[in-house]
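The lines below spell out each chain.
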Amino acid sequence: MSVYHKMGTIPLKRHVVFRQKTGALYHEELFGTEGFSSTSSLVYHLRPPTRVRQIGQAWSIRPEIAIEDNLQALSFQGFHLEPQSDYLKSRTSLFINEHLEVSLAAPSASMDSYFFKNADADEMIFVHQGSGILSSTYGTVEFEYGDYLVIPRGTVYTIEFKTQQNRLLIVESKGPIRTPSRYRNNLGQYLEHSSFL
């Protein structure tokens, strides 16, 4: 049994002509990160999702590798990370390989002037300190200390922090982030002993 989440106004059937009150068409987008064979979202837009209004200055988030092929034992003091106002610039990469990148972030301000889309990886954000609201195409999620936020690749989002003291652990995964299969039945429901809600 698949779990469906509906938000807003949608047509009774999929892939049919669907008009706004003005008579203009809604623009349908089937969004999935693994083609048509896995979990996907059917999203309706007021304007074409392919429309580009503006392309800003390119900014690389590629990490610099400090120690290649490390065999040393290291200790990281994450709470000593200097806060920065910008969410993306506050990210400091700790570990990276071809599958994952693990970062810490200490953003002190909300993402007021831009939205972000990670086109390369799913993101899992653990909130170690702070609270706020994550807004995306799929709605809003309030978060606080101890919460995990999982954002599928390609999802456009913004974060409004309610606090200035924010500490985040961010894991970027080239593969999909899913709950372990031992906590789900073959239809995807969480089992009674699952540690997830």
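None of these values were measured; they are calculated from a predicted model. (Residues numbered from 1 in each chain as written. Predicted model: local features only at pLDDT ≥ 70, side-chain atom pairs only at ≥ 80, totals over all residues. Heavy atoms only, no water.)

A. Region of interest: a nonpolar patch on the surface. Taken together, the side chains of Ile67, Leu74, Phe76 and Phe95 define a hydrophobic patch exposed on the protein surface, amounting to about 360 Å² of accessible area. Looking at the secondary structure, you find Phe95 in strand 3 (residues 92–96). Residue classification places Phe95 among the partly exposed residues on the basis of a relative accessible area of 43%. (Patch = residues over 30% accessible without salt bridge, like charges linked within 9 Å, V, L, I, M, F, W, Y side chains within 5 Å. Areas by Shrake-Rupley, 256 points an atom, 1.4 Å probe, with all protein chains shown as cover. Salt bridge = Lys/Arg side-chain N within 4 Å of Asp/Glu carboxyl O. Helix = DSSP H or I, 4+ residues; strand = E, 2+ residues; numbered from the N terminus. Buried < 20%, exposed > 50% of the residue type's maximum accessible area, 1.4 Å probe, protein only.)

B. A look at the pairing of strand 10 (residues 156–161). In this structure, strand 5 (residues 116–117) lies alongside strand 10, joined through 2 bridges in antiparallel fashion. Note on strand 10: the bridge partner recorded for Lys117 is Val156. In the sheet, strand 7 (residues 132–136) pairs with strand 10 via 5 bridges, with the strands oriented antiparallel. Paired with Ile133 across the strands is Glu160, a residue of strand 10. (Pairing = 2+ DSSP bridges.)

C. Structural context of unusual backbone geometry. Positive phi values are uncommon outside glycine, yet His15 reaches one of about 60°. For His15, the location among the structural elements is in the segment before strand 1 (27–32).

D. Just the pattern of salt bridges, in detail. Under the counting rule described, the total for this entry stands at 4 salt bridges. A salt bridge links Glu123 to Arg91; the nearest nitrogen and oxygen atoms lie 3.1 Å apart. With Glu123 in strand 6 (residues 122–129) and Arg91 in the loop between strand 2 (40–45) and strand 3, this pair connects stretches of sequence that are 32 residues apart. Exposure class is identical for Glu123 and Arg91. Each is buried. Arg153 serves as the salt-bridge partner of Asp122, at 3.7 Å between the closest nitrogen and oxygen.

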